Amino acid sequence: MQRELMERIRALMDKGVADQVLAWKRGEFFYDTEPAILTKDELGEMVYDSFCGPNLSKYLIKEMPKIENKILALIKPCDSYSLNQLITEHRIDRDKVYVIGVGCKGKIDVDKIRAKGVSGITGVDENGDKITVHTLYGDTTLDRKDVLLGKCLFCKGKEHRIADETVGESEDTSEGSDRFEMVKKLEQMTPDERFSFWRKELSKCIRCNACRNVCPACSCVKCVFDNPNTGVQNKAAANEFEENLFHIIRAYHVAGRCTDCGECSRVCPQGIPLHLLNRKFISDINELYGTYQAGECAGQRHPLIDYTQEDSEPSIVHERGNNG
Amino acid sequence: MKKLLLSKLDEWLTTLSETQRIILPIKQTDQVNFGVYAPGAEVSLETLRTVKSAKDAFFPQVENMMNFRSEGKSISVETVPLEEEDFILIGVRGCDEKSFEILDRVFLSDPFDPFYAARRKHATIVTLACSRPDENCFCTNFGVDPTNPKGDVTSWIVDGTLYLTGNTEKGEALIASLEDANDEPVAAQQNKTREILEKLPFAHLDLNGFDGDHLMEKFSSSKWADLSEACLGCGTCTFVCPTCQCYDIRDYDTGRGVQRYRCWDSCMYSDFTLMAHGTNRPTQVERFRQRFMHKLVYFPSNNDGTYSCVGCGRCLVKCPQNLNIVKVIKALGGDRNDN
């Protein structure tokens, strides 16, 4: 598929559609691909395989002012939701992007391979449902589905929600999973249990801001936490309260706009399941205002900013139940 | 040489912890970090790389420096006592141990840092040799021998047994009560590990040209823009790094006074070293360049050629978008400049 994709990109560039492509380039190993903007001369560095997990859509924001004509962008089905959302929020100009929807059969998480005790990884062979990992210490065969990125276990499906054309086949890797299963478990806990769950997770936070910086919904030019003039600038949590607060505020800020792309949890160096905070909001929005998926198409108004007289009143619903 | 069955490790730690605080790799919800031992803690010595490095033991992410309390019209200043208690730091790998030498150069030279110095003075360091280096380890480039790390005590894990040898008086004292052992199993493991180290993909990085003499050449390279293109500007690399030592001093309003604390800072952040004139590094290209120039050029040129990288590989594993120091070394090292 990589070759087919590269040929198509080259053809589009030859036709003058664009002279740059937002893609992934090869790293030092087979797994450490890196988002990159490549010109025609640099296309040889491009890679598209099972290790292209990062969602590229947010990088387009930075490129907007520089683009005179158009840029090509490789967008996976799940990333297309983020792209739509950014177009909705006027952070990306649709006319400046030629979207190539790339096929995706689920991306592999090298950290999950490592978590299985595999170290010294030097290569991988993929054979259908199985992968064979070559290491300095011998070969190991694993089930592909056991080492997929967390976000792929809740795959949004094969369809690109925005694309000028598509290249390659996709597969739905969700296997009928319920993305709200863990949210429900958390809701069923007592407040003390829930608090203890989150303290164990959030106490690991090192405030590297990777979750915020990778998040397509966190697109403020200057975050309040970085701005010395806000009075709430905060480089490190001074205490437990601040540790919790940062993530809760962030979840509030992206509520209604979060597409559940899962990048926050993918990048967290401490493995905090941050996406669960966002999913709680999504689950509440679905319950109160009807099922809603951010980024399904460009131009949507999400329920939290779209008042109708039929809107339910959250405090009443929570007091009396959602039956009238 | 002494030995201890790993199955007896918890027992030994429990005894030691009665008189001293122990800091070692502990697993909490799937992640292993250095933490304070308490009986029942899930100790994970075998983990090659903790998420954060061992530097936290001497230079924690956040620490109080002083407090101001206001009552009526008067303000009282309270100093924070230095940590003057002995503690044991166990499970430090060769790379992290080497990082202490680099941190010492920063914190123990003028201006002398009493908070760091107190902790450093009171630590007994038990290092742990590596026997299964990862593909992205490259400590040997920086003079580290991971099969024979230093510290007050050096330890090795061979087939379920922890072998220990004392290198200093306090190290000898710590392990005196353990059973004697011969060092054959350790020597055999070291030989095997050295063979693997030699085969690692990054065993021989070309560091030529990373020095003060080539400062402007590296600084002006046109490659920084490409190298930093995907950088998110997060602080992951700096916070998991064993040698990053920049900090900020901030005031926290407690309502009745001020808590003055210091916290790790990151050159990747837009407000790093922000001064009245505005920021001196306006884009991520300059911030990214600063980090690697510091590690590979500024630091060695001010410190007798010692790089401030120890090749632990944490930035390779943890960067969300797979940028790292090896990519920089390969792009700019040797004679690969702009020609």
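Residues numbered from 1 in each chain as written. Chains lettered and ligands numbered in written order. Predicted model: local features only at pLDDT ≥ 70, side-chain atom pairs only at ≥ 80, totals over all residues.

**Re the overall build of chain B**
- Across its full length, chain B holds 11 helices and 12 strands.
- The C-alpha atoms of chain B give a radius of gyration of 22 Å, which matches the 20 Å a tight globule of 339 residues would have.
- C-alpha atoms of chain B, sized along the principal axes, occupy 65 × 65 × 35 Å.
- Burial status across chain B gives 42% buried among its 339 residues.
- Considering only intrachain contacts with a sequence separation of at least 6, the fraction spanning at least 24 residues in chain B is 70%. (Helix = DSSP H or I, 4+ residues; strand = E, 2+ residues; numbered from the N terminus. Rg over C-alpha atoms; globule rule 2.2 N^0.38 Å. Buried ≥ 20, exposed ≤ 12 C-beta atoms within 10 Å, placed from the backbone. Contact = placed C-beta atoms within 7 Å.)

**Focus on the overall build of chain A**
- Along chain A, the regular secondary structure elements total 11 helices and 8 strands.
- In terms of C-alpha radius of gyration, chain A reaches 21 Å, essentially the compact-globule figure of 20 Å for 324 residues.
- Buried positions account for 39% of the 324 residues belonging to chain A.
- Look at the contacts in chain A between residues 6 or more apart in sequence, and 66% of them connect residues 24 or more apart.

**Here we look at the interface of chain B and chain A**
- At the interface, 42 residues of chain B touch 34 residues of chain A.
- Broken down by secondary-structure element, the contributors of at least two residues to the side of chain B that touches chain A are helix 5 (184–199), helix 8 (236–240), strand 11 (247–253), strand 12 (257–264) and helix 11 (325–332) of chain B.
- The leading source of residues in the side of chain B that touches chain A is strand 12 of chain B, at 4 residues.
- By residue class, the composition of the side of chain B that touches chain A is 18 nonpolar, 11 polar and 13 charged. (Nonpolar A, V, L, I, M, F, W, Y, C, P; charged D, E, K, R; others polar.)

**Some thoughts on unusual backbone geometry**
All names here are of chain B.
- A cis amide bond links D110 to the next residue, P111, at an omega of 0°.
- The residue P111 is located in the loop between helix 2 (94–107) and helix 3 (114–121) in this model.
- Here D159, not a glycine, exhibits a phi torsion of approximately 45°, which is positive.
- Among the structural elements, D159 can be located in the loop between strand 8 (153–158) and strand 9 (161–166).
- Classification of D159 by C-beta neighbours within 10 Å gives exposed; the count is 7.
- Unusually for a residue other than glycine, N322 sits at a positive phi of about 65°.

**Description of the nonpolar core**
- Ranked by size, the top nonpolar core spans 154 residues in total, and within it L22, L72, A73 and L74 of chain A together with L89 of chain B carry the most contacts.
- When residues in this core are grouped by element, the largest group, 6 residues, is from helix 9 (residues 284–302) of chain B.
- With sequence-adjacent residues up to four places away left out, A73 of chain A is seen in contact with L22, L56, L60, V97, V99 and I100 of chain A. (Core = buried A, V, L, I, M, F, W, Y, C linked by C-beta atoms within 7 Å.)

**Topic: the domain arrangement of chain A**
All names here are of chain A.
- Examined at the domain level, chain A breaks down into domain 1 (1–108 + 153–177), domain 2 (110–147) and domain 3 (178–324).
- If you average the C-alpha positions of domain 1 and of domain 2, the two centres end up 26 Å apart.
- Of the residues assigned to the side of domain 1 that touches domain 2, the class counts are 3 nonpolar, 1 polar and no charged. (Domains from an automatic or database assignment.)

**A word on the sheet that holds strand 9 of chain B**
All names here are of chain B.
- Reading across the sheet, the 8 strands line up as 3-2-6-7-8-9-1-10 and stay open at both edges, with mixed pairing between neighbours. The outermost strands of the open sheet, each flanked by one partner alone, are strand 3 (31–36) and strand 10 (179–180).
- Against the sheet, helix 5 engages strand 8 and strand 9, with an angle of about 80° to strand 8. (Pairing = 2+ DSSP bridges. Axes fitted to C-alpha atoms, helices over the stretch in contact; angles between N-to-C directions.)

**Some details on the packing of helix 5 (residues 181–188) of chain A against helix 10 (residues 275–289) of chain A**
All names here are of chain A.
- Interaxial distance between helix 5 and helix 10 falls to 9 Å at its minimum, and their mutual angle equals 85°. Between helix 5 and helix 10, the crossing angle belongs to the class labelled roughly perpendicular. Of the residues in helix 10, those touching helix 5 at M182, V183 and L186 are L276, R279, K280 and S283.
- Its residues assigned to classes, the contact of helix 5 with helix 10 shows 4 nonpolar, 1 polar and 2 charged. (Parallel < 35°, antiparallel > 145°, perpendicular 65-115°, else oblique.)

**Things to note about the domain arrangement of chain B**
Residue and element names in this part refer to chain B.
- If you check the domain split of chain B, you get domain 1 (2–199) and domain 2 (212–332).
- On a C-alpha basis, the centroid separation for the pair domain 1 and domain 2 is 25 Å.
- The interface of domain 1 with domain 2 comprises 33 residues on the first partner and 29 residues on the second.
- Put simply, the parts of the chain that give the side of domain 1 that touches domain 2 at least two residues each are strand 4 (62–71) and helix 2.
- For the side of domain 1 that touches domain 2, the leading source of residues is strand 4, giving 9 residues.

**Re the sheet that holds strand 8 (residues 165–167) of chain A**
Residue and element names in this part refer to chain A.
- Taken in spatial order, the 5 strands make up an open sheet running 2-1-3-4-8, and their pairing is mixed. Both edges of this open sheet fall to strand 2 (34–39) and strand 8, since each of them pairs with a single strand only. Strand-to-strand twist across the sheet, computed as the mean angle between neighbouring axes with direction ignored, equals 35°.
- For strand 4 (residues 97–102) and strand 8, the ladder comprises 3 bridges, and the chain directions are parallel.

**A few points about the pairing of strand 4 of chain A**
All names here are of chain A.
- For strand 4, a buried count of 5 out of 6 residues is recorded, marking the element as mostly surrounded by other parts of the structure.
- Summarising the sheet, strand 3 (residues 71–75) and strand 4 pair through 5 bridges and their orientation is parallel. When the sheet's bridge partners are listed, L74 is paired in strand 4 with I100.
- Note on the crossover from strand 3 through helix 3 (residues 77–88) to strand 4: the handedness is right-handed. (Right-handed = clockwise from strand over helix to strand, strands pointing away.)

**So, the packing of helix 8 (residues 240–254) of chain A against helix 10 of chain A**
Residue and element names in this part refer to chain A.
- Where helix 8 contacts helix 10, the two axes come as close as 9 Å, and the packing angle between them is 40°. One element, helix 8, and the other, helix 10, form an angle in the oblique class. For the pair helix 8 and helix 10, the sense of crossing is right-handed. Within the contact between the two elements, helix 8 uses H247, I248, A251 and V254 and helix 10 uses L277, N278 and F281. (Left-handed = near helix turned anticlockwise from the far one by under 90°.)

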